[in-house]
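# A structural walkthrough
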Amino acid sequence: MNFVIFSYNFLPLNDAEAFCTARFVNALAENGHNVHVVTMEHPRQLPEDVVQELIPAVRNITRIPSRKGKKCYLPRIVYQTPEWDAIDYSACIKTLRNVLKQYENPILISRMCPAASGIIAWHCRKDAAMWINHFSDPFPNYLKGGFLGKIMNQFTYRWTRRFLFDSDFCTITCNEVLRFFEEKFGKIDRNKFILVPHIGDPFLKAGEWGNPFVGKKFVAHTGNCYDGRYSQEIVREFEILAKRGITPGFLQAGGILDRDKKLMEDSGIDFKHVQLNSPRMASSIFLAADVNLVADLKVNYGYTPFIPSKFVYLLFTDRPIVVFARKDSWMYQLSQEFPEAGIGFADVEEIGSLADVMEKTLENKTIPDRCNIQKLFEGKSVVSAFVSAIEKKLKTR
């Protein structure tokens, strides 16, 4: 099949969606499909060896110069979006159309983070044999406040409806997000959606890293740490651990707000903070930590429509994992379905749950068996299921 993937964010950008898209397009290419990526001319934030390790099979990449640094209101009005990157949309649409014309029956895939990818693909959908819109996360989950924000939100909702109803198919990272769309937009055709979870391989080689807890067990939380990822609850649970005489180090690798950093420092936790300078550093931390903590996003729904990509990456290590989430999350389901994978689950709604699971995990010396769970997130398996789903749905159209 001929796949043209438009992703506003892509390597060498050091961005979560860039890594997710890279693994997906590489898996498509490695499985014999013709893949052409269209993206922006991003500043180099990653070394070339990292890029080559993630996308060795991807040969065709078209990059579009960005004018994003300039603020211009007219493109935002024309494309009905609150995003400043609208200044790039005209050039993106023109380039994407030219690339699509190079292929016979091209399948256009837009990677929906940020919204720019979907907006641009919508304008080019008639130039493709099929348009598949991928929702990396529920969108629009992050809306703006204030009077002007409410007006902008109407445009955001309007675009989302177009993504949902004008695309041929939509792909999602977890099935729980379907409830989100039904609540926000009414009845949707569930047969139109294909599960395409995050891909965990290749697991990037580790780089050099100075462990600040030499000789002491430590728990690592990689990624952003703030109240939206249960920072206060994490502090509470580590204080419970300390009362039991268990005082592992806590490493926050990534962004953290000053107030949350102060909260951890004032709590008496043996706390260290490091900035993630490269994805290889993240791999080093994953492999060095005695326990890797994955805190889910805090939401106000009766379910959890996310699955963090770092959780998937950790499945491709043999290091202990503790998930801090709700029981309506896919991570909880996986921890129960694959007990041999060694995924400790702590319920965010139960005080003391994380402390109990953390204590048990720190003492456990059993090496997990993740062969079965990895099959759900291997590039070859994900792409094979994706292509089969497309072929099956095409027969019933």
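The structure contained in this document is the topic of the report that follows. Because the structure is a prediction, the values reported are computed rather than measured.

Helix and strand counts for the protein chain come out as 15 helices and 13 strands. Relative to its length of 397 residues, the protein chain is compact, with a C-alpha radius of gyration of 22 Å against a globular reference of 21 Å. Seen along its three principal axes, the alpha-carbon backbone of the protein chain occupies a region of about 65 × 50 × 40 Å. In the protein chain, buried positions account for 56% of the 397 residues. Considering only contacts within the protein chain whose residues lie at least 6 apart along the sequence, 73% involve residues at least 24 apart.

Let us now look at the sheet that holds strand E1 (residues 2–6). Spatial ordering of the open sheet is given by E3-E2-E1-E4-E5-E6-E7, a layout of 7 strands whose pairing is parallel. Of all strands in the sheet, those with a lone pairing partner are strand E3 (60–64) and strand E7 (193–195), marking the two edges. Going from strand to strand, the sheet's axes swing by 20° on average, the running direction of each strand aside. Inspection of the sheet shows E1 paired to strand E4 (residues 107–111) by 4 bridges, in the parallel sense. Bridge assignment links Phe3 to a residue of E4, and that residue is Ile107. Docked against the sheet, helix H1 (residues 16–30) engages E1, strand E2 (34–40) and E4, running at close to 155° with respect to E4.

Sheet architecture is open: 6 strands sit in the order E10-E9-E8-E11-E12-E13, paired in parallel fashion. Sheet topology places strand E10 (271–274) and strand E13 (343–347) at the edges, where each strand pairs with a single neighbour. Direction aside, the axes of adjacent strands within the sheet are offset by 25° on average. Pairing geometry for strand E12 (residues 321–325) and E13, over 5 bridges, is parallel. Residue pairing across strands places Val322 opposite Gly344, the latter belonging to E13. Packing of helix H10 (residues 279–288) onto the sheet brings it into contact with strand E8 (218–222), strand E9 (249–253), E10 and strand E11 (291–295), and relative to E8 it is tilted by some 145°. Docked against the sheet, helix H12 (residues 330–337) engages E11, E12 and E13, running at close to 135° with respect to E13.

Our next topic: the pattern of salt bridges. Evaluated as defined, the whole model comprises 14 salt bridges. In this structure, the salt-bridge partner of Glu53 is Arg280, at a minimum N-O distance of 2.7 Å. Separated by 227 residues along the polypeptide, Glu53 in helix H2 (residues 48–54) and Arg280 in helix H10 bring together distant segments of the chain. The exposure class assigned to Glu53 is buried, which follows from its relative accessible area of 17%.

A few words on the packing of aromatic side chains. Counted according to the given criterion, the structure contains 17 aromatic pairs. Here the aromatic rings of Phe181 and Phe193 are separated by 6.1 Å at their centres, their planes lie at 25°, and the arrangement is stacked. On the criterion of sequence distance, the pair formed by Phe181 in helix H7 (residues 177–185) and Phe193 in strand E7 is long-range, its members being 12 residues apart. Plain terms: the ring middles of Phe203 and Phe286 are 6.3 Å apart, the flat faces sit at 40° to each other, and that makes the pair tilted. Taken together, the residues span a long stretch of sequence, with Phe203 in the loop between E7 and E8 and Phe286 in helix H10 at a distance of 83 residues. Residue classification places Phe203 among the partly exposed positions, given a relative accessible area of 21%. On the accessibility criterion, Phe286 (5% relative accessible area) is buried. The rings of Phe135, Phe180, Phe181 and Phe193 are connected pair by pair, giving a single aromatic cluster. Above the face of the Trp122 ring, Arg125 is positioned so that its terminal group lies 4.2 Å from the ring centre. Taking NZ or CZ as reference, Arg162 lies 4.4 Å from the ring centre of Trp159, over its face.

Calculation rules
Residues numbered from 1 in each chain as written. Predicted model: local features only at pLDDT ≥ 70, side-chain atom pairs only at ≥ 80, totals over all residues. Heavy atoms only, no water. Helix = DSSP H or I, 4+ residues; strand = E, 2+ residues; numbered from the N terminus. Rg over C-alpha atoms; globule rule 2.2 N^0.38 Å. Buried < 20%, exposed > 50% of the residue type's maximum accessible area, 1.4 Å probe, protein only. Contact = heavy atoms within 4.5 Å. Pairing = 2+ DSSP bridges. Axes fitted to C-alpha atoms, helices over the stretch in contact; angles between N-to-C directions. Salt bridge = Lys/Arg side-chain N within 4 Å of Asp/Glu carboxyl O. Phe/Tyr/Trp six-rings, centres within 6.5 Å; stacked < 30°, edge-to-face > 60°. Lys NZ or Arg CZ within 6 Å of the ring centre and 35° of its normal.

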